[in-house]
Amino acid sequence: MSVILDPSRLTIHKAHELLKTGQLSSVELTRACLERIQQVEPKVSALVTITDRLALSQAEQADRLIASGDSSPLTGIPVIIKDNMCTRGVRTTCSSRMIEDFVPPYDATVVEKLNGARAVIVGKANMDEFAMGSSTENSALFPTHNPWDLERVPGGSSGGSAVGVAAGEAIYALGSDTGGSIRQPAGFCSVTGMKPTYGRVSRYGLVAFASSLDQIGPLTRDVTDCALVLNTIAGYDPRDSTSVPCPVPDYTRCLSSGLGGVRIGVPKEYFVEGMQSEVAAAIRAAVSKLEELGARADWGVSLPHTSYALASYYVIAPSEASANLARYDGVKYGFSYSDTDNMWEALEKTRQYGFGPEVKRRIMLGTYALSAGYYDAWYLKAQKVRTLIRREFDQAFEKFDVLVTPTSPTVPFRIGDKAEDPLQMYLSDVCTLPINIAGLPAISIPAGFAGGLPIGMQIIGKPFSEETILKIAYAFEQATDWHKQKPNI
Ligand code: GLN
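Residues numbered from 1 in each chain as written. Predicted model: local features only at pLDDT ≥ 70, side-chain atom pairs only at ≥ 80, totals over all residues. Heavy atoms only, no water.

What follows deals with the overall build of the protein chain. For the protein chain, the count of helices and strands is 15 helices and eleven strands. If you line up the protein chain on its principal axes, its C-alpha atoms span 65 × 55 × 45 Å. With 489 residues in all, the protein chain has 61% of them scored as buried. Across the protein chain, the fraction of contacts at a sequence separation of at least 24, relative to all contacts at a separation of at least 6, is 76%. Approximately 18300 Å² of the protein chain is accessible, and the part contributed by carbon and sulfur atoms is 52%. (Helix = DSSP H or I, 4+ residues; strand = E, 2+ residues; numbered from the N terminus. Buried < 20%, exposed > 50% of the residue type's maximum accessible area, 1.4 Å probe, protein only. Contact = heavy atoms within 4.5 Å. Areas by Shrake-Rupley, 256 points an atom, 1.4 Å probe, with all protein chains shown as cover.)

Below, the structure is given as structure tokens:
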């Protein structure tokens, strides 16, 4: 017997209950998501590829498994994957002309894990080209629109993943986060998004942007779902030498409502100049709420090196990107300019036409910062600053369990507003970049609205303290209803 369902209101844990008790089948749920995609996609443009046939066959298999009583918490539940994670037989574009037709011969480890859990993949999500951007406007294919206001950006670079969850196209999504690309769009779309500790989740099969910063994580409708997805994707992988061989706890076990004894630091540097006053006010109110729940907050914390994080990120990330993107030479795979018999011209034109303007800007910045004579002044110095920032966090975590900040300095901005001004665009990540620089875990959860537009709160923890972060996020979520509000689309 089936229930009448609106896939935009279901969580993973609720869907799992309905599937297990036979009130809903995975095929019905998958069809509902595919219908929702047909309805909203003309407005939001979140997906590069809709994998409807794959989804329905995975759903049928899931239903058979559920009937035999052998299901996992993710079995039969629709997911969207950011288009920089390799999916065997399904094209993986990174929203770039360069690899628009690339069909990977293998699955990323996270995709393999989701398939092992019998998830249902309904589509691949639009993103800023090669994950470089904060608005999804840098997609070479098309921009994605925020379901809370279609004239505004959804954030980026995992904009398609966040919109897919917020607009009900799937129950959850995977994104990647190099400087904020899961948390910032989660904040802009009022969903939950977590960047796990560097090394917690394998990046094998994630198209590399900046390898010392990249991390994969979940975008979900609530904190419980975030824990469930993390349970499945986390863990050591011999194919990613940076993944860490420490055991994966059951992240749902830490979700309880009291916050007695929890120590929270609120670093003042994250309330930056130019921050929208409603955003600062919402985060202050959210911290007061955490205090009401039993936590102790120190409002006077200072992390003075924060102001150097943006500059060091924009040396380190482009440097690594310039090396990672050297492989797109038109020879091995991807777009290839062939209208010449001159090898050098073919290489230059391949890169000239295959990459968009932001990607080229990063390659040039990175190549410059790494070049002989400039390396010490730029790259090496940025790495030293990185160490200082990391140490400062280490010291703060001697006194606090978590740090709480806004996810972004503003609510979602209008499409086009920052597209011509890279520096303004870069500034929208000031609150999230330092966390990648230090390799820490952090979550963004819904914490309010200003003029009908979402505000996200960021909770940052020490390495491998995802449980503490999830516990605090869960307690806040249970005491508020921001996460229950849905865009009217
Ligand atoms: N917006 C930042 C950048 O453009 C972060 C992107 C990301 O996290 N992938 O580099």
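Before going further, it helps to examine the environment of M127. Along the chain, M127 turns up in the loop between β3 (120-125) and α5 (159-166). M127 gets classed as buried once you look at its relative accessible area, which sits at 0%. In the structure, M127 is positioned 271 residues away from E398 in sequence and 37 Å away in space, judged by C-alpha atoms. Ignoring sequence-local partners within four residues, the contact set of M127 consists of K82, D83, N84, C94, S95, T136, S139 and S157.

Among the 15 residues in the neighbourhood of the ligand, the closest are listed as G179, S181, Y313, R362 and D429. Taking A131, its main chain carries an N or O atom lying 2.8 Å from a nitrogen atom of the ligand. One nitrogen or oxygen atom from the side chain of S134 is found 3.0 Å from a nitrogen atom belonging to the ligand. Contact with the protein chains removes 100% of the 290 Å² of surface that the ligand exposes when unbound. Counted by class, the shell around the ligand contains five nonpolar, seven polar and three charged residues. (Near = heavy atom within 4 Å. Polar contact = N/O pair within 3.5 Å; in protein donor to acceptor, adjacent residues only side chain to side chain. Nonpolar A, V, L, I, M, F, W, Y, C, P; charged D, E, K, R; others polar.)

Once that is clear, we can look at unusual backbone geometry. The peptide bond linking G156 to S157 adopts the cis configuration, its omega dihedral lying at 10°. Checked against the element boundaries, S157 lands in the loop between β3 and α5. Non-glycine residue S45 carries a positive phi angle of around 50°. As for its placement among the helices and strands, S45 is situated in the loop between α2 (26-44) and β1 (47-50). Phi is positive for S190, which is not a glycine, with a value near 60°.

Axis separation between α2 and helix α3 (residues 52-67) bottoms out at 8 Å; the angle between their running directions is 160°. By the angle class used here, α2 and α3 are roughly antiparallel. For the pair α2 and α3, the crossing hand works out as right-handed. Seen from α2, the contacting residues are S26, V27, T30, R31 and L34; seen from α3, they are D52, A55, L56, A59, E60, A62 and D63. Considering only residue class, the contact of α2 with α3 consists of six nonpolar, two polar and four charged. (Axes fitted to C-alpha atoms, helices over the stretch in contact; angles between N-to-C directions. Parallel < 35°, antiparallel > 145°, perpendicular 65-115°, else oblique. Left-handed = near helix turned anticlockwise from the far one by under 90°.)

Turning our attention to the sheet that holds strand β11 (residues 453-461). Within a beta sheet, neighbouring strands are joined by backbone hydrogen bonds and run either parallel or antiparallel to one another. Strands sit in the order β1-β3-β2-β4-β6-β5-β10-β11-β9-β7-β8 across an open sheet of eleven strands; the sheet is mixed. Of all strands in the sheet, those bounded by a partner on one side alone are β1 and β8 (296-301). Neighbour to neighbour, the strand axes of the sheet diverge by 30° on average, direction disregarded. Both strand β4 (residues 172-177) and strand β6 (residues 215-220) contribute to a ladder of five bridges, which runs antiparallel. For G175, the partnering residue across the bridge sits in β6 and is G217. Across the face of the sheet, α3 comes into contact with β1 and β3 while running at roughly 155° to β3. (Pairing = 2+ DSSP bridges.)

Further remarks concern the environment of G334. As for its placement among the helices and strands, G334 is situated in the loop between α9 (309-324) and α10 (343-354). With residues near it in sequence (within four places) discarded, G334 still touches M98 and I99.

So, about helix α1 (residues 12-20). Burial in α1 covers these residues: I12, A15, H16, L18 and L19. Burial along α1 is one-sided: seen end-on, the buried residues are contained in an arc of 165°. Buried residues along α1 sit against α2, α3, β4 and α7 (223-233). Positioned one or two residues after α1, G22 has a phi angle of 75°, which is positive. (Arc of directions from axis to C-beta.)

A word on the nonpolar core. F130, Y172, F393, M457, I459 and L470 are the most contacted members of the largest nonpolar core, which totals 121 residues. Apart from residues lying up to four places away in sequence, M457 is in contact with I283, A286, L290, V404, T405, T407, I443, S444, I445, A447 and F476. Grouped together as the second largest cluster of nonpolar side chains are 25 residues, L34, V40, A170 and C189 included. (Core = buried A, V, L, I, M, F, W, Y, C linked by side-chain atoms within 4.5 Å.)

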